[in-house]
Amino acid sequence: MKNIVKFKKLAAVVLVGMSVVLGACGNKTATGEDKKDIVVGFGVGTYEEQFRLGIVPILEKEGYKVEIKTFSQNMQVNPAMKEGSIDASIFQSTAYMEGINAELDADMAVLNFVPSAPQGLYSEKHQSLDEVKDGSVIALPNDPVNQERAVRILEDLGWVKVKADAGTTDFNLSSVEPDKYDLKLESLDSAQILVSLADVDYGVVNGNYIANAKRQITEALQIENTPEQHRVTVTVNKGDLDTQWAKDLKAAYESKEFEEYINAQDKYDGFILPDAWENN
């Protein structure tokens, strides 16, 4: 079983690389400033496409000039936010953000939720969950927050038990015990699990990777019942929450126009939709 990457180790890697990452990020932005030029950061994935095709046209009609910065690794985004090189980010959950706030002494806040891809349990070797047995190899994300989510899927199936004192941002596999089955749990980078399914019995894949691969989330043998703390958010620095640009960004995500865009795209079938759309 591979070692788990813990949050403190992740933060250390982030801090070591901040000077390199931020040097390429451009000019700093001022917190609390009302403006018409905004910079939004993303990890690689479907949330950038949602924003570029569904949100940017709405903001441009309101006179905004929007710059998109896509980082090669998710761990690069929050240091850029802390340093002021981006105004907002769209890639992380509330649980992940709170963990990074503590580790980096950052002051980020959730602006709103976006259409979010749930995790799912997938397999290329098996057609059914009934084919699981002792010794089956299950691939899980190696970062603590997504790993905790993934293990909860296995727990809901009765395959494993999770200790009562298991954390979220500091989760690791020492908190997992066999239940119906004695499984072999393998930790992999989240982006690698989908392409590694041929080598394992089952794998828990983040739904944005499924969508990016032009596959359907509904192909999963089991889909996560995603708690709110794990849904993807628009994140800003707390001092920007009351700016007009942040309010307009939030309104764009909650608009009927964006809802219609998402509903017209087959790739978003199975995504968790924002509760705010109930008012449209």
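Overview of the structure. (Residues numbered from 1 in each chain as written. Predicted model: local features only at pLDDT ≥ 70, side-chain atom pairs only at ≥ 80, totals over all residues. Heavy atoms only, no water.)

Here we take up the overall build of the chain. What the chain contains, in helices and strands, is nine helices and 12 strands. For the chain, the proportion of its 280 residues judged to be buried stands at 56%. Counted over contacts in the chain with a minimum sequence separation of 6, partners at least 24 positions apart contribute 77%. When the accessible area of the chain is evaluated, it comes to approximately 12,600 Å², of which 45% is carbon and sulfur surface. (Helix = DSSP H or I, 4+ residues; strand = E, 2+ residues; numbered from the N terminus. Buried < 20%, exposed > 50% of the residue type's maximum accessible area, 1.4 Å probe, protein only. Contact = heavy atoms within 4.5 Å. Areas by Shrake-Rupley, 256 points an atom, 1.4 Å probe, with all protein chains shown as cover.)

Residue Asp-105 is not a glycine yet carries a positive backbone phi of 55 degrees. Inspection of the secondary structure assignment puts Asp-105 in the loop between helix H4 (94-104) and strand E4 (108-113). Positive phi, close to 60 degrees, is recorded for Lys-214, a residue that is not glycine. Here Lys-214 shows up in the loop between helix H7 (207-212) and strand E11 (222-223).

On to the pairing of strand E6 (residues 137-141), then. Judged by how many residues are buried, E6 sits mostly within the fold: five of five residues are covered. Alternating residues of E6 divide into Val-137, Ala-139 and Pro-141 and Ile-138 and Leu-140, and every residue in both groups is buried. The sheet contact formed by E6 and strand E9 (residues 184-188) spans five bridges and is parallel. Within E9, the residue paired with Leu-140 across the bridge is Ser-187. Across two bridges, the pairing between E6 and strand E10 (residues 202-205) is parallel. Bridge assignment links Ala-139 to a residue of E10, and that residue is Gly-203. (Pairing = 2+ DSSP bridges.)

Looking now at helix H2 (residues 46-61). Between its first and last C-alpha, H2 extends 23 Å over 16 residues, near the 22 Å set by a 1.5 Å rise per residue. The largest bend in H2 amounts to roughly 45 degrees and is located at Ile-55, with the proline Pro-57 lying one to four residues further along. Turning to H2, its buried residues number three or more, namely Thr-46, Tyr-47, Glu-48, Gln-50, Phe-51, Gly-54, Ile-55, Val-56, Ile-58 and Leu-59. Positioned one or two residues after H2, Gly-63 has a phi angle of 90 degrees, which is positive. (Expected span 1.5 Å × (residues − 1). Bend = angle between axes of the 7 residues up to and from the residue.)

Topologically, Ala-246 is positioned in helix H8 (residues 244-253). A residue is classified by how much of its surface remains accessible, and Ala-246, at 0% relative accessible area, is buried. Counting along the chain gives 212 residues from Ala-246 to Asp-34, while the straight-line C-alpha distance between them is 8.8 Å. Not counting the four nearest positions on each side in its chain, Ala-246 is found in contact with Leu-111, Asp-240 and Leu-241.

Turning next to the pattern of salt bridges. In total, this model carries 13 salt bridges according to the counting rule given. Residues joined in a network through salt bridges with shared partners are Glu-148, Arg-152 and Glu-155. (Salt bridge = Lys/Arg side-chain N within 4 Å of Asp/Glu carboxyl O.)

Counted by the stated rule, this structure contains eight aromatic pairs. For the ring pair Trp-159 and Tyr-181, a centre distance of 6.3 Å and an interplane angle of 90 degrees mean the geometry is edge-to-face. With Trp-159 in the loop between helix H5 (144-156) and strand E7 (160-162) and Tyr-181 in the loop between strand E8 (176-178) and E9, this residue pair connects regions lying 22 residues apart in the sequence. According to the relative accessible area criterion, Tyr-181 is partly exposed, its value standing at 23%. Every member of this aromatic cluster is reached through a ring pair, and the members are Tyr-253, Phe-258, Tyr-261 and Trp-277. (Phe/Tyr/Trp six-rings, centres within 6.5 Å; stacked < 30°, edge-to-face > 60°.)

With that out of the way, let us pick up the sheet that holds E10. As summarised here, the arrangement of the five strands in space is E9-E6-E10-E5-E11, forming an open sheet in which the pairing is mixed. The outermost strands of the open sheet, each flanked by one partner alone, are E9 and E11. Relative to the sheet, H5 contacts strand E5 (120-122), E6, E9, E10 and E11, its axis offset from that of E6 by approximately 145 degrees. (Axes fitted to C-alpha atoms, helices over the stretch in contact; angles between N-to-C directions.)

Reading across from one edge, E2-E1-E3-E12-E4 is the order of the five strands in this open sheet, with mixed pairing throughout. Edge positions in the sheet fall to strand E2 (65-70) and E4, since each of these pairs with one other strand and no more. Each neighbouring strand pair of the sheet contributes to a mean axis angle of 35 degrees, computed without reference to strand direction. Bridging between strand E3 (residues 88-93) and strand E12 (residues 232-237) involves four bridges; their strand directions are antiparallel. Considered in E12, the bridge of Ser-93 is made with Val-232. Packed on one face of the sheet, H4 meets E3, E4 and E12 and runs near 110 degrees to E3. Strands strand E1 (37-42), E3, E4 and E12 of the sheet are contacted by H8, whose axis makes an angle of about 35 degrees with E4.

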